[in-house]
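Secondary and tertiary structure notes
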Amino acid sequence: MDASKKAITQRIQNIINDETLNNLIPEIIDCFKEFPLSKNEFLVKKGEACRYFCFVESGILQYAVTASGQEKTTYLALRNGFASSLKSFLQQTPSPKNIKALSACKLWVLKINDFKYLIKNNKAFHQFYYNFIENQIFLIDDYRIDLLTLTPEERYNKLLVNEPKLLQEVPLHYLASFLGISTRHMSRIRKNIN
C-alpha cells in the first residue's frame, strides 16, 4: 500500500475505532481518487454544488463566507482532516461558502455516487461517517461556546496550545478571522504574548 492510501486508511481506522470493521476499509480506500489543488484554487465556490467529500493529505483548505463585504474564515481543514461543503455535497445544492486552498493541496476525493454507495453498503464507512459527524458537532459546539465565553486573548492562547502548527502555517489575517478577532487586535495579542 502506498503512503497516501496508508494515511487515509489510518485516519479512517482512528475515526471508526472498531477493529472488527478493518476488513471493510479497503473498499472505502479504493473509491478515493487523487485530486491536487493549487494555491488559491477552489474546491467549491459559493453558489456551486460541491462535487467532493475529501481527505486532506497535505495543504490547508479555508472555508469562508462574505459578511458585510468582508471575507470571514469559518473553518480551516488541515492535513489528515476531511473536508466538504457537506449540505451542498449531499443534496447537490448551491454551496453557501467558498472552500479554497491556502497552499498547494493533495486531496483524495469521493464523488457523491461513491459516497452514497458506501454509506448504504459498507458498514465501516457508515460507522466512519457517524463518528465523523458526531466529532464535527462537538467541535462546532466548543467553537461557538469559545466565541461567547472567552476573550480574544483566551481564544488565541487556546489555539496556541491546541493547534500550534496553525500559527506557523496559516497567514495571520485568516487566523484572526477564524478566531473572530480583527487583524490589528490579533497582532497586538501576538506581540504581548511573545
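This text gives an overview of the structure that appears in the document. Remember, predicted model here, so these are calculated numbers, not experimental data.

Another aspect to go through is the overall build of the chain. Along the backbone of the chain there are nine helices and eight strands. Relative to the globule expectation of 16 Å for 194 residues, the C-alpha radius of gyration of the chain, 18 Å, shows essentially globular dimensions. Projected onto its principal axes, the C-alpha coordinates of the chain cover approximately 50 × 35 × 30 Å. Across the 194 residues in the chain, those meeting the buried criterion constitute 39%. Residue pairs at least 24 apart in sequence account for 69% of intrachain contacts in the chain once pairs closer than 6 positions are excluded. Carbon and sulfur atoms make up 50% of the accessible area of the chain, which totals about 11,000 Å². In the chain, 26 positive and 19 negative side-chain charges are present, and the distance between their average locations comes to 7 Å.

Spatial ordering of the open sheet is given by 1-8-3-6, a layout of four strands whose pairing is antiparallel. If you trace the sheet from one side to the other, it starts and ends with strand 1 (33-37) and strand 6 (81-83), each paired once. Strand-to-strand twist across the sheet, computed as the mean angle between neighbouring axes with direction ignored, equals 35 degrees. Pairing of strand 3 (residues 53-58) with strand 8 (residues 105-110), which is carried by five bridges, proceeds in the antiparallel orientation. Bridging across to strand 8, Phe53 finds its partner in Leu110.

The next subject is the packing of aromatic side chains. Overall, the coordinates contain 16 aromatic pairs when judged by the stated rule. Note on Phe53 and Phe128: the rings are 6.3 Å apart at their centroids and 80 degrees apart in plane angle, and the pair reads as edge-to-face. Separated by 75 residues along the polypeptide, Phe53 in strand 3 and Phe128 in helix 5 (residues 123-149) bring together distant segments of the chain. Cluster of aromatic residues (ring-pair linked, three or more members): Phe53, Phe55, Phe82, Phe89, Phe115, Phe125, Phe128, Tyr129 and Phe132.

Criteria and cut-off values
Residues numbered from 1 in each chain as written. Predicted model: local features only at pLDDT ≥ 70, side-chain atom pairs only at ≥ 80, totals over all residues. Heavy atoms only, no water. Helix = DSSP H or I, 4+ residues; strand = E, 2+ residues; numbered from the N terminus. Rg over C-alpha atoms; globule rule 2.2 N^0.38 Å. Buried < 20%, exposed > 50% of the residue type's maximum accessible area, 1.4 Å probe, protein only. Contact = heavy atoms within 4.5 Å. Areas by Shrake-Rupley, 256 points an atom, 1.4 Å probe, with all protein chains shown as cover. Lys, Arg positive; Asp, Glu negative; His and termini not counted. Charge placed at Lys NZ, Arg CZ, Asp CG, Glu CD. Pairing = 2+ DSSP bridges. Axes fitted to C-alpha atoms, helices over the stretch in contact; angles between N-to-C directions. Phe/Tyr/Trp six-rings, centres within 6.5 Å; stacked < 30°, edge-to-face > 60°.

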